[in-house]
Amino acid sequence: MTVSLWWLSVPLIIVLFLVLRFLNTKTQHATVKALSNPVCWAIVLIAALLVALKLPYEPFAEHSKVLSWLLEPAIVALALPLYQQFIHVKKNLLLILISCSLGVINATFVASLICYFFAAPAQLSASLASLSVTTPITLLVTESLGGIPSLAAAMVIFIGVLGAIFGNLIFSLINIRNAQAKGVAIGTACHAIGTASLISDQPKAGAFASVAMALSALLSAIIVPILYPVIQHVLV
């Protein structure tokens, strides 16, 4: 079982993702390309395989830690498009900072408001307060607020996948064509997964998404621990 789980955890995930990525790059239709996001389908297929074969999750997670360790260098690699488009980013840095600040504040406020209207437990509300940020930061902020870090991490990944799938579709629907606006929106709301989805096809938007993602992480670590208790005090 250990050997089979190792093959399922690392080589199969890598091969599956590369195949899905290849098929996605060969797709020309915008809607089909968005809905065939390789990250989303890799997650779905691996989860379905675990359930179908009744394989235990804990050993699978242990074997796949090597992929988790690659998360941080992968995020650092997103600095490349930022470097390539730095002259454009530099001109708009103040606007990006303001936009990211508003995005973080709005995400925290809306999440708290929804939890309030549905009478969600305090621990659940705290788990959803810091989702406009990358996974490592949300783990730290959520723990400081008394939430459930694993739930927050799952939600961050889920939001990133949604952004990668539907982001460009929504931009087309509301006629947003500006690369800077697309990048800041995706980077602030959809983090690394959303940013990675922009880079290959829209490098300029990807550069703005990279800087927005980094700023949102910094701002969330500062703003959310201060803002969330204030919102809870007002609502309660």
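The protein carries the name LrgB family protein in an unreviewed UniProt entry, which gives Pseudoalteromonas lipolytica as its organism.

So, about the layout of surface pockets. Looking at the second largest pocket, its volume works out to about 410 Å³. Contributing elements (two or more residues each) for the lining of the second largest pocket: helix 10 (93-117), helix 13 (149-173) and helix 14 (179-199). With eight residues, the single largest contributor to the lining of the second largest pocket is helix 10. Of the residues that constitute the lining of the second largest pocket, the class distribution is twelve nonpolar, six polar and no charged.

We now examine the nonpolar core. Judged by nonpolar contacts, the single largest core of 21 residues is most densely connected at Val89, Ile96, Cys100, Leu145, Val224 and Tyr228. Listed by contribution, the elements that provide at least two residues to this core are helix 10, helix 12 (135-145) and helix 15 (203-235). Tallying contributions element by element places helix 15 first for this core, with twelve residues. By size, the runner-up hydrophobic cluster in this structure holds eight residues, among which are Leu16, Ala42, Leu50 and Leu55.

So, on to unusual backbone geometry. A positive phi angle is found at Ala119, which is not glycine, with a value near 50°. Tracing the backbone shows Ala119 in the loop between helix 10 and helix 11 (122-127). Unlike most non-glycine residues, Asn175 shows phi in positive territory, near 60°. Examined against the element boundaries, Asn175 turns out to sit in the loop between helix 13 and helix 14.

It is worth spelling out a nonpolar patch on the surface at this point. Taken together, the side chains of Leu35, Phe158, Leu162, Phe166, Ile170, Leu173, Ile174 and Ile176 define a hydrophobic patch exposed on the protein surface, amounting to about 740 Å² of accessible area. The dominant element in the nonpolar patch, judged by the number of residues it contributes, is helix 13, at five residues. For Ile174, the location among the structural elements is in the loop between helix 13 and helix 14.

In the contact formed by helix 10 and helix 15, the axes pass within 7 Å of each other and the chain directions differ by 40°. When the axis of helix 10 is compared with that of helix 15, the two are oblique. In this structure, helix 10 crosses over helix 15, and the sense of that crossing is right-handed. Counted by class, the contact of helix 10 with helix 15 contains 20 nonpolar, six polar and no charged residues.

Rules used in this analysis
- Residues numbered from 1 in each chain as written.
- Predicted model: local features only at pLDDT ≥ 70, side-chain atom pairs only at ≥ 80, totals over all residues.
- Heavy atoms only, no water.
- 1 Å grid on protein atoms, 1.4 Å probe; cavity = no way out; pocket = protein on both sides within 12 Å on 5 of 7 lines; lining within 4 Å.
- Points joined across faces, edges and corners; volume = space filled by probe spheres on them.
- Helix = DSSP H or I, 4+ residues; strand = E, 2+ residues; numbered from the N terminus.
- Nonpolar A, V, L, I, M, F, W, Y, C, P; charged D, E, K, R; others polar.
- Core = buried A, V, L, I, M, F, W, Y, C linked by side-chain atoms within 4.5 Å.
- Buried < 20%, exposed > 50% of the residue type's maximum accessible area, 1.4 Å probe, protein only.
- Patch = residues over 30% accessible without salt bridge, like charges linked within 9 Å, V, L, I, M, F, W, Y side chains within 5 Å.
- Areas by Shrake-Rupley, 256 points an atom, 1.4 Å probe, with all protein chains shown as cover.
- Salt bridge = Lys/Arg side-chain N within 4 Å of Asp/Glu carboxyl O.
- Axes fitted to C-alpha atoms, helices over the stretch in contact; angles between N-to-C directions.
- Parallel < 35°, antiparallel > 145°, perpendicular 65-115°, else oblique.
- Left-handed = near helix turned anticlockwise from the far one by under 90°.

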